[in-house]
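Listed below are the residues making up each chain.
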Amino acid sequence: MKKIIIIGVTLVLIVVGVFIFTRGAGEQQVSRLDVTDTVRDFYDGWLKAVKDSAAEPNQATLVKSPILSKELRNKLAGALKDSEAATDPVLCQTVVPEEFSTRTVFENESGAQILVTSKDKKVTEQAIFSLTRYNDGWYISDIQCSLGEFAPKREFSFENVGNLLK
């Protein structure tokens, strides 16, 4: 009878230990920095890795960053395997920028978007980082590439002289 009780207690302790150990596994990690600093740190690390293949952390390490959502990690890993892609999946540019700037598109209690552009005025491509708040921190949930801001094509050019009626 004592053996059964000891085996039962041991099994309960093992189950509890496994539960406690695996409880935090798979949970989204967050950055405790503000949204701009979170994006700047990740983008700057990626930029250094693109400029110097011997830099640490490298792109393969950054793809596995715990502050990226699982979907974004998969998206970036797939983009790195696609060697024919002309546009970098994080920099969102065909040329490597020397310097970059960030602007906050919006920030509220549940999410934020940060726009990252090259300081080179000839480059119009830009990256839009979407961040989500989780457990008093931020994680990067998506990166979208945009061609930049272009003036809309208008229906009328007002090239003719005449009266304009509203």
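Asker: Help me understand a nonpolar patch on the surface in this model?
Answerer: Together, M1, I4 and I5 give the surface a local cluster of nonpolar side chains, amounting to about 380 Å² of exposed area. Secondary-structure assignment places I5 in helix 1 (residues 2-23).

Asker: Sorry if this is basic, but what is going on with the pairing of strand 4 (residues 137-146) here?
Answerer: Successive side chains on a regular strand alternate, one facing one side of the sheet and the next facing the other. Strand direction decides the pairing type here: strand 3 (residues 126-134) and strand 4, joined by nine bridges, are antiparallel. Within strand 4, the residue paired with S130 across the bridge is D142. Where strand 3 folds back onto strand 4 in an antiparallel hairpin, the turn is made up of two residues, including N135, whose phi is positive at roughly 50°.

Asker: Just to check I follow, could you spell out the packing of aromatic side chains for this structure?
Answerer: In this description, a pair of aromatic rings is defined by centroid distance and the angle of the planes. Under the definition given, this model contains four aromatic pairs. Taken together, a centroid distance of 6.1 Å and an interplanar angle of 35° make the contact between F42 and W46 tilted. Here W46 and F42 lie together in helix 2 (residues 35-51), a separation of four residues that amounts to about one turn. Residue W46 is classed as buried on the basis of its relative accessible area, which comes to 0%. With a centroid separation of 6.1 Å and 70° between ring planes, the pair formed by Y43 and F129 is classed as edge-to-face. Of this pair, Y43 sits in helix 2 while F129 sits in strand 3; the two residues are 86 residues apart in sequence, bridging distant segments of the chain. Looking at F129, the relative accessible area reads 0%, which means it is buried. Chaining the aromatic ring pairs together yields one cluster made of Y43, F100 and F129.

Rules used in this analysis
Residues numbered from 1 in each chain as written. Predicted model: local features only at pLDDT ≥ 70, side-chain atom pairs only at ≥ 80, totals over all residues. Heavy atoms only, no water. Patch = residues over 30% accessible without salt bridge, like charges linked within 9 Å, V, L, I, M, F, W, Y side chains within 5 Å. Areas by Shrake-Rupley, 256 points an atom, 1.4 Å probe, with all protein chains shown as cover. Salt bridge = Lys/Arg side-chain N within 4 Å of Asp/Glu carboxyl O. Helix = DSSP H or I, 4+ residues; strand = E, 2+ residues; numbered from the N terminus. Pairing = 2+ DSSP bridges. Phe/Tyr/Trp six-rings, centres within 6.5 Å; stacked < 30°, edge-to-face > 60°. Buried < 20%, exposed > 50% of the residue type's maximum accessible area, 1.4 Å probe, protein only.

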